[in-house]
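# Chain and residue survey
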Amino acid sequence: MADPKQLLVSRLRESSTEHFAALCLAALIVDKPTVLPAGRQIASVLAFSGWQVRGSLTVRSSVSFFENSHPTAIGNSPLAQDAVADWAGEFTNQLLGRFKNKMLAYGLDFQVGIPVTLYGENLIEVGIATDTVTSYQLRTSNHLVGVTLLGRLAPGVELFAEPSGKAAVKPGVPLDL
Amino acid sequence: MAKKIIVIDDSSTVREQVSVALSEAGYQIVEAADGVQGLRVVEQNADAALVICDVNMPAMGGLEMVAKVKANGKREELPIVMLTTEGDPALVKQAKSAGAKAWIVKPFRRDLLVATVRKLAGAA
């Protein structure tokens, strides 16, 4: 059996780089986080819960990251605030979904909640250290994006060391039913 | 007259992405933001050629909506494509039993989405 926490960390990091790549965003993981540049920021928080684990995923970056990465953004046309907020929530939702689908193969399953998106200046994350599974940043050419996974595993949870459980449908490729 | 596609998702970004992709392929789009609205829109658009539907939505989820659309042999001819972050084979099986014809995990590839719509609904 695998160390559950290590598995969560490695699969989330993998999910993050895949998610950015799928959105055509070149990004590298930064393990020693730096303070996000001052200014307008967005944090999107998405909780999840199952009998094996409960927690939340937070994605945080500058407003300009979400404006620039919005899938239908055209040139310099400004996006409405609610459109940017919706994208931040969907960005986080798709990242958590990718992570969830990976973890199915290791025997972990959970239900995903509804994203909450917050605007602010100089946002600071404050959490319970023991609940922090991992926290890192991804650096694109112009932005830093913070990813934090909080989680509490139920006592005695065991996960497969290798993908042995259900294989999830892969992203992007339509499956005929 | 362009064929009509109904797009049901609680994310305005996803609705816009899908609408742009399919509009540029020549289809006419009607949107809904949750399963309750989606059910109403499907009922109001008897001429719809296809539905694209999320799974996790407020008010009524996508799988429940598909089951209601297809209940008692109704709208048997209407293809429904699930577009969702979920990839659990158990949910896919549930969707197939309810009458859905395809499952796509987000983020979608625009060319493959259009190809799927063309295959199930015909050209615009």
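The structure we're discussing is the one just above.
Presented here is an overview of the structure given in this document. In this text, all values refer to a predicted model and were calculated from it rather than measured experimentally.

### What to know about the overall build of chain B
A count of helical and extended segments in chain B gives 5 helices and 5 strands. Listing the helices and strands of chain B from first to last along the sequence gives β-α-β-α-β-α-β-α-β-α. Its C-alpha radius of gyration of 13 Å places chain B within 12% of the 14 Å reference for a compact globule of 124 residues. In terms of overall dimensions, chain B has C-alpha extents of about 30 × 30 × 25 Å along its principal axes. Within chain B, the fraction of its 124 residues that count as buried is 48%. A sequence separation of at least 24 residues applies to 64% of the contacts in chain B between residues at least 6 apart.

### What to know about the interface of chain B and chain A
Quite often, the size of an interface is put as the accessible area lost when its parts meet. Between chain B and chain A, the contact holds 28 residues from the first and 26 residues from the second. Of all the elements in the fold, those that place two or more residues in the side of chain B that touches chain A are helix H1 (12-24), helix H4 (89-98), strand S5 (102-105) and helix H5 (110-121) of chain B. At 6 residues, the largest contribution of residues to the side of chain B that touches chain A is made by H1(B). Partitioning the side of chain B that touches chain A into residue classes produces 13 nonpolar, 8 polar and 7 charged. In terms of strand pairing, strand S8 (residues 175-176) of chain A meets S5(B) through 2 bridges, oriented antiparallel. Paired with Leu175(A) across the bridge in S5(B) is Trp103(B).

### Examining unusual backbone geometry
In the segment running from Lys106(B) into Pro107(B), the intervening peptide bond is cis, with an omega of 0°. At Cys24(A), a position not held by glycine, the phi torsion is positive, near 60°. The phi angle at Ala59(B) is positive, at roughly 70°, despite the residue not being glycine. Here Ala59(B) shows up in the loop between strand S3 (48-53) and helix H3 (62-70).

### Some remarks on the sheet that holds S8(A)
Strand pairing in a sheet relies on backbone hydrogen bonds, with the paired strands running either antiparallel or parallel. Read across the open sheet, the 6 strands follow the order S8(A)-S5(B)-S4(B)-S3(B)-S1(B)-S2(B); overall the sheet is mixed. In this open sheet, the two edge strands, each paired with only one partner strand, are S8 of chain A together with strand S2 (28-32) of chain B. Here strand S1 (residues 4-8) of chain B pairs with S2(B) via 5 bridges, running parallel. Within S2(B), the residue paired with Ile5(B) across the bridge is Ile29(B). On top of the sheet, H3(B) reaches S1, S3 and strand S4 (80-84) of chain B; it is set at about 175° to S4(B), its chief contact.

### What about H5(B)?
Residues and elements named next belong to chain B. An ideal rise of 1.5 Å per residue puts 16 Å on 12 residues; H5 measures up with 16 Å between its terminal C-alpha atoms. Looking only at H5, the buried set comprises Leu113, Thr116, Val117 and Ala121. Take H5 and look down its axis: the buried residues cluster within an arc of 100°, on one side only. Packing partners of the buried residues in H5 comprise S1, H1, S3, S4 and S5. Of the residues flanking the end of H5, it is Gly122, one or two places downstream, whose phi is positive at about 90°.

Rules used throughout
- Residues numbered from 1 in each chain as written.
- Chains lettered and ligands numbered in written order.
- Predicted model: local features only at pLDDT ≥ 70, side-chain atom pairs only at ≥ 80, totals over all residues.
- Helix = DSSP H or I, 4+ residues; strand = E, 2+ residues; numbered from the N terminus.
- Rg over C-alpha atoms; globule rule 2.2 N^0.38 Å.
- Buried ≥ 20, exposed ≤ 12 C-beta atoms within 10 Å, placed from the backbone.
- Contact = placed C-beta atoms within 7 Å.
- Nonpolar A, V, L, I, M, F, W, Y, C, P; charged D, E, K, R; others polar.
- Pairing = 2+ DSSP bridges.
- Axes fitted to C-alpha atoms, helices over the stretch in contact; angles between N-to-C directions.
- Expected span 1.5 Å × (residues − 1).
- Arc of directions from axis to C-beta.

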